[in-house]
Amino acid sequence: MNFSWLKNSLITGGIFLPVFAFAQVEVDTSLMQVKHIDAVHIPIVINPMPLYPVSGLTKDDIEVLNTDDVAGLAAKVPGATVRSYGGMGGLKTVSMRGLGGQHTAVIIDGFQVTNAQAGQMNLGQLQSEGLESADAGLQVHFRKLIPVSANFTGSYLQFGTFMGSHYGGKLKVKSAVRYGSFMRKEAYVQGERAIGNWSVAGFGKYRGAEGAYPFQYVNGSTQTDGIRGNNDYQDMHVGVKLSRIVNGDGNMRVIYRSSFMDQGLPGAVIFYNETADERMKTQDHRLMLDFTKNEYQSNYRLYFNAGANNMDYFDPTHLNATGYLHNTFLNLSMNGGYIHFKVYENVDLKWGGEQKVEALTGNRTTLGVPLRTSSYGLFGAKKMWGRLQAEGLAGVQLVVDNNGESQKTHVQFTPNAKLQYDLSENKPVRLEFLYKRNFRLPSFNELYFGEVGNSDLQPEIAHQFNLGYHWRLVQNYYKWQVDMNAQTFYNRVRNKIVAIPTKNLFIWSMQNVQEAQIYGAIGETRVVRHFGEDTRVELLANYTWQRVIDITQDAITYGHQVAYAPEHTANADIMFIRRGFSARISNNFVSGRYALNQNVPANYLDPFWTLDAAVGYKYTIKNKHKIGVQFNVRNLTNVSYAFIRSYVMPGRHYLLTLNYEIL
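Every value quoted in this text rests on a predicted model; they were computed, and no experiment measured them.

Basis of the calculations
Residues numbered from 1 in each chain as written. Predicted model: local features only at pLDDT ≥ 70, side-chain atom pairs only at ≥ 80, totals over all residues. Heavy atoms only, no water. Helix = DSSP H or I, 4+ residues; strand = E, 2+ residues; numbered from the N terminus. Buried < 20%, exposed > 50% of the residue type's maximum accessible area, 1.4 Å probe, protein only. Areas by Shrake-Rupley, 256 points an atom, 1.4 Å probe, with all protein chains shown as cover. Phe/Tyr/Trp six-rings, centres within 6.5 Å; stacked < 30°, edge-to-face > 60°. Contact = heavy atoms within 4.5 Å. Salt bridge = Lys/Arg side-chain N within 4 Å of Asp/Glu carboxyl O. Pairing = 2+ DSSP bridges. Axes fitted to C-alpha atoms, helices over the stretch in contact; angles between N-to-C directions. pLDDT = per-residue confidence, 0-100.

A count of helices and strands for the protein gives four helices and 33 strands. A buried classification covers 57% of the 663 residues belonging to the protein. As displayed, the protein has an accessible area near 27200 Å², and 59% of this comes from carbon and sulfur atoms.

Next comes the structure, spelled out in structure tokens:
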């Protein structure tokens, strides 16, 4: 795909706008990005406390981290297990507390984004520019009017962008150009403007890189050196939003987003094909509409969301009769619903309904034409007795799966309950208990994709228990603020969907053959020290211990840790901000884990610790224009590591960013 027109426009705008103003290889059948099938995993964070949240990332955090995509942000939350196949544009999934990525709802500006073919989102294709908040959790705040279907998942990742709310000011513009290692070039521009009760916003982005990076990989006593090729990448993102205030307390929004990717798919660097030549092109289009009414003690929302995702996969040297493999897929999704929150004298109530339709077409005859219709109903209540607060949600979902040859109907209930007790009347200290029953349906690939698919799969059921203790140790004591949070969790999974060899070591298929139990603990803290009004130091740290255990009776992997589930993960970030200057040191640790469910030395992956650093400066002129520069160094210690066996990550690399804003 030729992006030259957008590339030239964005780079020209990003550069000259400031001048004008200032004079084992398997096939991953879920996302079709790499040849791999394994269990996948995602992160978790509890609901934030007032003021400085312990969990979640602020706009300052996001700007200083300057990540390639939202997967880099998700990796910072406690309980996260990231899986990345390396480099910019690589497939990235993330697991929360040992549950697979299919158990997590991804929400952007209040709309859930889905992919029925894969059952989860590739976070490597979601941009981080324009974000103003990022958080994750088990259960969204009771009063949040998120889509009904998002309440049926085990956890959520929620991102807010500058287009998420109605803007009521004059013209506001932000632009950036970036240059980095591996011939990386980027340009980004966003703007918003209010005209009476109307608000208009939009953005555009181009990014490209040759992508080839050197690596050094040690396997036992063997050291491999080389260049990871076929890793070129370019993408384009555009979006517009139109919103209007209606009668003072209503807000109507229309948002359109689209993205285009054209990339090589690099292979594994050892054991397998080092010179892979597969390519993939992706187009994604999403139209989102909603109307929200905020009346006195009563809020409701009507919403509609439609998406089309087109993927084109080409392998020019595939070993088959034609000598190549060319697959095309078109994912279509549409959902609409209503959700209402109302405050009564003694209790808060919440109810809603949603209808969703998802379909997949492609040129693979073995896939059929899968069609899924889902109907959701939700009712919830929340009540307080002094310092004790209780809330519960009851949901029901009716799903009909039809692939043209067979039809299957599922009815599932998703109750959850939460108790919260404030231990002090004057200090923010609370104890919290949460139970959730959630399920995840098999994806279209898991049901129908060739020999891998299994149309008899049952939904994966998870029972989640969480006990949390949140407290603010210090608040404004000699300008110190210290927040801490500790949690323990236990999950029991039935009908776990996994890929296992069925005929021989080379033919795998999806089966409901395992049970798993997941338990662990999370600790996190946020420490802020202010030095005057414009200087502060922040420490944000978290640690997760988790055991994701196969408890399938009579299995050879009974009692073993599930593949790619590290027992220990930790993050520690220190940020210094003084007026326009900022500096941040970021640490990430992932313990050893296993590439397969058999916990034997041959499947062991070494632990790794990475260190990133960033410095930046912003200068404001006449309270109207702001110029900024930022320099990021990733993998500062040049560690050789891999999330996935044989898919080595880049060594030390750099990114220079120039920003310009009209405030």
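On to the packing of aromatic side chains, then. Applying the stated criterion to the full structure yields 20 aromatic pairs. Here Phe 465 and Tyr 490 contribute two aromatic rings whose centre-to-centre distance is 6.4 Å and whose plane-to-plane angle is 40°, an arrangement assigned as tilted. Taken as a pair, Phe 465 in strand 23 (residues 460-477) and Tyr 490 in strand 24 (residues 480-504) lie far apart in primary sequence, 25 residues in all. According to the relative accessible area criterion, Tyr 490 is partly exposed, its value standing at 27%. An angle of 75° between the planes, with centres 5.8 Å apart, marks the rings of Tyr 641 and Phe 643 as edge-to-face.

Here the focus is the environment of Ala 71. With respect to the helices and strands, Ala 71 occurs in helix 3 (residues 70-74). For the pair formed by Ala 71 and Gln 127, sequence separation is 56 residues and the distance between their alpha carbons is 9.1 Å. Beyond its immediate sequence surroundings of up to four residues, Ala 71 is in contact with Lys 92 and Leu 123.

Side chains that differ in sign of charge can pair as their charged atoms come close. Going through the model one piece at a time under the given rule, you end up with 35 salt bridges. Measuring nitrogen to oxygen at the nearest pair gives 3.9 Å for the salt bridge that ties Glu 132 to Lys 59. Taken together, the residues span a long stretch of sequence, with Glu 132 in strand 5 (residues 131-137) and Lys 59 in helix 2 (residues 59-65) at a distance of 73 residues. Judged by relative accessible area, which is 32%, Lys 59 ranks as partly exposed. Close ionic contact of Asp 235 with Arg 207 constitutes a salt bridge, the shortest N to O distance being 2.8 Å. Note that Asp 235 is positioned in strand 12 (residues 233-246) and Arg 207 in strand 9 (residues 198-209), a separation of 28 residues in sequence. If you follow the salt bridges from partner to partner, you end up with Asp 60, Asp 61, Lys 76, Arg 526, Arg 536, Glu 538, Asp 573 and Arg 584 in one network.

Attention now goes to the pairing of strand 17 (residues 348-362). Inspection of the sheet shows strand 16 (residues 325-343) paired to strand 17 by 15 bridges, in the antiparallel sense. Within the sheet, the bridge partner assigned to Val 343 lies in strand 17 and is Asp 348. What sits between the antiparallel neighbours strand 16 and strand 17 is a turn of four residues. Here strand 17 pairs with strand 18 (residues 371-385) via twelve bridges, running antiparallel. By the bridge assignment for strand 18, Glu 354 is matched with Tyr 376.

What the four strands build is an open sheet, ordered 4-3-6-5; its pairing is mixed. Two strands lie at the open edges of the sheet, namely strand 4 (111-113) and strand 5, each paired on one side alone. Mean inter-strand twist for the sheet, computed between neighbouring axes without regard to direction, equals 25°. Where strand 3 (residues 104-108) lies against strand 4, three bridges are found, and the strand directions are antiparallel. Bridge pairing in strand 4 places Val 106 opposite Val 113.

The side chains of a regular strand alternate, first on one face of the sheet and then on the other. With seven of its nine residues buried, strand 7 (residues 172-180) lies for the most part within the structure. Bridge count for strand 7 against strand 8 (residues 184-195) is nine bridges, and the pairing is antiparallel. In the strand pairing of strand 8, Gly 180 is matched with Arg 184. Taking the residues between adjacent antiparallel strands as the criterion, strand 7 and strand 8 are bridged by three residues, where Phe 182 takes a positive phi near 65°. Relative to strand 33 (residues 653-662), strand 7 runs antiparallel, the two sharing eight bridges.

Attention now goes to the confidence of the model for the protein. Overall, the prediction assigns the protein a mean pLDDT of 85, with 89% of residues at 70 or greater. For the stretch residues 1-53, pLDDT sits under 50, and the model shows 212 contacts to residues farther than four places along the chain or on other chains.

Turning next to unusual backbone geometry. Non-glycine residue Arg 579 carries a positive phi angle of around 50°. Summarising the element assignment, Arg 579 is placed in the loop between strand 27 (568-578) and strand 28 (581-590). With a phi close to 55°, Lys 622 is a non-glycine residue in the positive phi region. Its place among the elements puts Lys 622 in the loop between strand 31 (608-621) and strand 32 (625-634).

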